[in-house]
Structure formats: C-alpha cells, structure tokens
Amino acid sequence: MRVGTWVQTGVLAAFLVLIMSVTGGCATSPNPADPEAVAEFNAINDPGEPANRAIFAVNRGLDAAFLKPVAMAYRDMTPQFFQDRINDALDNLRSPVIFFNDVLQGELERAVATVIRFMINSSLGLLGLNDIATDLGVEGHDEDFGQTLAVWGIPEGPYMMLPLFGPSNPRDAIGIVVDFLIDPFNIWAGNTDRDYAIYSRSAARAVDLRALHMETLDELEKSSLDFYASIRSLYRQRRVNEIGNGDPSDNLPVISIGTAP
Amino acid sequence: MMDHSRTQAALRGLVFIFVFVLPFGFAPPSAAAETEERAGSFIRSLATEAMESLTQEDAPRNKRIQRFRKLFNDHFAVRSIGRFVLGRTWRKASKEEQTEYLKLFEDLMVVSYVDRFTRYAGKNLTITRTRAESAKSTTVFSEINTANTGKPVQVLWRVGSLGKVMKIVDVIVEGASMSQTLRSDFGSIVRQKGGKVSGLIEELRKKTATLKASAP
C-alpha cells in the first residue's frame, strides 16, 4: 500500500479510538441474575453499542449533508437509461473480485458464469455499459471476501458500525480491505498514478447504491422506532441471505396463528 | 386339509391395509399439496385486491389508509405477528397493555406499509413456487418486477393456516424478514426503557401520531 493509504488508515483508527473513549465504548451488561436477558444480550452481540450508535449518528449526518442530496439529484435528473448504464458498468467492474471469491468458495459454476458475463458485457456490452449477458440468460450475482470467509466457517463477530461504510463486523470489514487490495482496477490505478480513478469509482458506486435503495431506507427510517436497531437486524439478515446465495434461511422466525389471529 | 386359517388371516390383513391404512397413508401428502395450492391462490388474490384498491390515483391518503387497513386485517395475522414481535415481554404485560399495544401495532403497520404497498401494488407479482413447512405453515415464493434494474425482487410470503383460515404471518424481502426486523426494533426500545412495555407503548403512540400527521 502507498503511504497515502497508510495515513488514511491511521486517521481512521485514531477517529475510532476517540469515538470509543468519548462515548464510554462498551454497552451496559445485563443483570446476570436474569438468564433470558443475558441470552438476549449475547444473541445481539453488540458490545460496542454506544460507540456504534455514535458512529451511526455521524454517518447519518454525512449522508444527509452530502450523499443523499447527490443521490436524489442523480435519481431525479439523470434519465433512467443513463442510470441503468452506469449501474451496469459499475457491476461489470466488480467481475474480477466476484470471480476470485467464487473460486475461493469452490463455486465453479458461478465462477464460469462470472467470466462469461464479463467477457460478453465488456465486448458486446460496450465496456460493461450494457448487461447483455442477463438477456442471454446468464444471470449475475455478487460476491465479496466477507462472504468467502463466512463460507470458510469464520463467524461474523460483534456488530461494528464503520465510519462511511456503515454496518459491518470484523469479518466483513476484513473482507472489504481484501477485496480492495485484490481488485485489478485498483491495482492498475495505483500503479499508473491514477488514484483519482479509485475515488471516482467509489463515489459513483456510493451514489448509485444510495439512489437504488432510496425509498426502502427512507421508509424504514420513517417507520422505525429505533432506526439503529432496525439497520443492525436488516444488515445481518441480508448478509445471511447473501452468504447462502439466496437460499431461504432455515432461521426464519416461526410464527403460528393463534385462535384469534 | 388346507390351512384356511392362515389364508384367512392374510386376507384379513390385506383388507385391513387396503381399507384402513392406505387411504390415510395417502391422505396427508395430498392435504399438504392442497394447502400449498390454497396458499398460492391466497397470495395471488391478495395481489389482485391490493392492485385494485390501492392504485387508484385519485384516492386521498386517508381513503387509501382505510382501504389498506381492511386489506391488512383481512389477510395478515395481525395479533399473532404483534405477539411475536413483542417477544418475551408479552408475558410481562397486563391485559390492558397488551390490548393497547396491539391496537398501536396495527396502526403503525397500516400507516407505514400503505405507501410501500401502493408502490408495489401496480407491479407484476409472479408466484414461482410454494413449499409446505409444516401442516400449518406454507411459504409462497414470488417475484416482483420493479421499474429499475432488470433483476426482480424476491419476496417470500409465510402463510399460516388454521382450518379454513389463512393469514400471512411474515413477509421476507430478499432475505429480510419483516417480523424479525420489527422484533429487533421493538426489543431494543423495550431494553432501553428498562424492560417495560409502557415505554414501548409511549414510543408507539408518538411514532403513529407523527406518521399520521405527515404528508404522503
């Protein structure tokens, strides 16, 4: 990694330490005499909750001030056609990372699909701007190193709210770093002195994703009593779904209708 | 002389199997298949009803809320979902608190889901398959086509049945269960209010008031 990235990592670490010391880092432990409360606390697995909530508040502030207005302008003013092209191109750029993780997880069929998609969309699809492969029947999927670690049996660890990146956990955070390091686009940009390309791409992806999930997140925020808790639950459920490649989880809640439903 | 008694015993055994065992042996699988089919039609009719009653552009918001409330109560097991969402705190609540909680829970669901449902009501809902989880529970797998980015959204409907009654007990969108998310949300509030339902009820009152007052 270049010096600039180390400095950024150092600043980030210092920021986290500051937040944790100011908020008194750790969550209050439950009453040990109440076994149900203890079980609940362990199941939630968020020992750094006060610090996480503080970081969440900062993220929401940054989102309201910068990301959301840009994403809304993008959504409202960019023709849907261009939004789709940008989305397709950004998805296509992720193909190498998706391929690596498919292979590492032993998902050879999915790996082949990724290669086919990349080849078709980059050539016929004009550098990835058009997702022709899906129309041809080769559907896409996403993968990341966090999912690979999960497939390898590594547990997620306690809940972590990352500055900027949002909800995560130690395993997925490592995944983000590894994916960043092995991405050929980033390696190329780093070697040819085009770091701005990495920032532009990350910014474009952030805006794209934010615009895509605008309504869902807005509605969740409006209707949640505790938005932080809703996001935490949602993040974990989505990760389980992603890791299982869309197979319905066996952990879905069991609700039966009583005599007066 | 031939041994009639053993032949007769064998015949009796065969009669017994054909008359008593086989019919019941075959019945449960077809009963489950029937339930699955009923669950599929149940979701299909909900989609049609929602589309008819919610996508009328001229209806003012409170009219849509009224219609959605009826749709919601007809098709969702509101009470059962409410109890699940509250978790173990349900047992600690008094009868009055339980009643008030359920009323506020229904309010919150109706007001917060009416906009979401209105958005989805006009879209194509395709049922891909059904799966029986148990004698009383079926999962209906469906896809909804949204306007942007070709990939359809996977929505699972958990349908609970009790006799002839069928109600939705959960909606799972791309792996995220509505009931589970609500349970985590409410659970966090209860913990913050020292384990008391009254604290949650207070928050529910405030939230439903805000949502009703806000413009669509």
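**Here we look at the pairing of strand 1 (residues 125–134) of chain B**
Residues and elements named next belong to chain B.
So, step 1. Pairing of strand 1 with strand 2 (residues 137–144), which is carried by 8 bridges, proceeds in the antiparallel orientation. Bridge pairing in strand 2 links Ile127 to Ser142.
So, step 2. As consecutive antiparallel partners, strand 1 and strand 2 are separated by 2 residues.

**Description of the environment of A:Arg171**
So, step 1. Along the polypeptide, A:Arg171 turns up in helix 9 (residues 170–182).
So, step 2. Spatially, the C-alpha atoms of A:Arg171 and A:Ala64 are 28 Å apart, while their sequence positions differ by 107 residues.

**Here's the deal with the confidence of the model for chain B**
All names here are of chain B.
So, step 1. Averaged over chain B, the pLDDT score is 81; the fraction of residues at 70 or greater is 83%.
So, step 2. At the low end of the mean pLDDT range in chain B sits helix 1 (residues 4–54), at 69; at the high end sits helix 6 (residues 178–192), at 93.
So, step 3. Of the two predicted TM-score estimates for the complex, the pTM is 0.84 and the ipTM is 0.84.

**Notes on the interface of chain A and chain B**
So, step 1. Across the boundary between the two partners, chain A contributes 33 residues, which contact 39 residues of chain B.
So, step 2. Contributing elements (two or more residues each) for the side of chain A that touches chain B: helix 4 (80–93), helix 12 (214–223) and helix 13 (227–243) of chain A.
So, step 3. Broken down by element, the residue count for the side of chain A that touches chain B peaks at 9 residues, all from helix 13 of chain A.

**Examining the packing of helix 10 (residues 184–191) of chain A against helix 11 (residues 195–212) of chain A**
Residues and elements named next belong to chain A.
So, step 1. Interaxial distance between helix 10 and helix 11 falls to 7 Å at its minimum, and their mutual angle equals 145°. Facing Asn186, Ala189 and Gly190 of helix 10, the residues of helix 11 in contact are Asp195, Ala197 and Ile198.
So, step 2. Classifying every residue of the contact of helix 10 with helix 11 by side-chain character gives 3 nonpolar, 2 polar and 1 charged.

**Digging into unusual backbone geometry**
All names here are of chain A.
So, step 1. The backbone of Asn45 sits at a positive phi, close to 50°, despite the residue not being glycine.
So, step 2. One can find Asn45 in the loop between helix 2 (35–44) and helix 3 (49–77).
So, step 3. Residue Asp193 is not a glycine yet carries a positive backbone phi of 60°.
So, step 4. You can see Asp193 is positioned in the loop between helix 10 and helix 11.
So, step 5. Its 8 C-beta neighbours within 10 Å are what place Asp193 among the exposed residues.

Thresholds, definitions, all that
Residues numbered from 1 in each chain as written. Chains lettered and ligands numbered in written order. Predicted model: local features only at pLDDT ≥ 70, side-chain atom pairs only at ≥ 80, totals over all residues. Pairing = 2+ DSSP bridges. Helix = DSSP H or I, 4+ residues; strand = E, 2+ residues; numbered from the N terminus. pLDDT = per-residue confidence, 0-100. Contact = placed C-beta atoms within 7 Å. Axes fitted to C-alpha atoms, helices over the stretch in contact; angles between N-to-C directions. Nonpolar A, V, L, I, M, F, W, Y, C, P; charged D, E, K, R; others polar. Buried ≥ 20, exposed ≤ 12 C-beta atoms within 10 Å, placed from the backbone.

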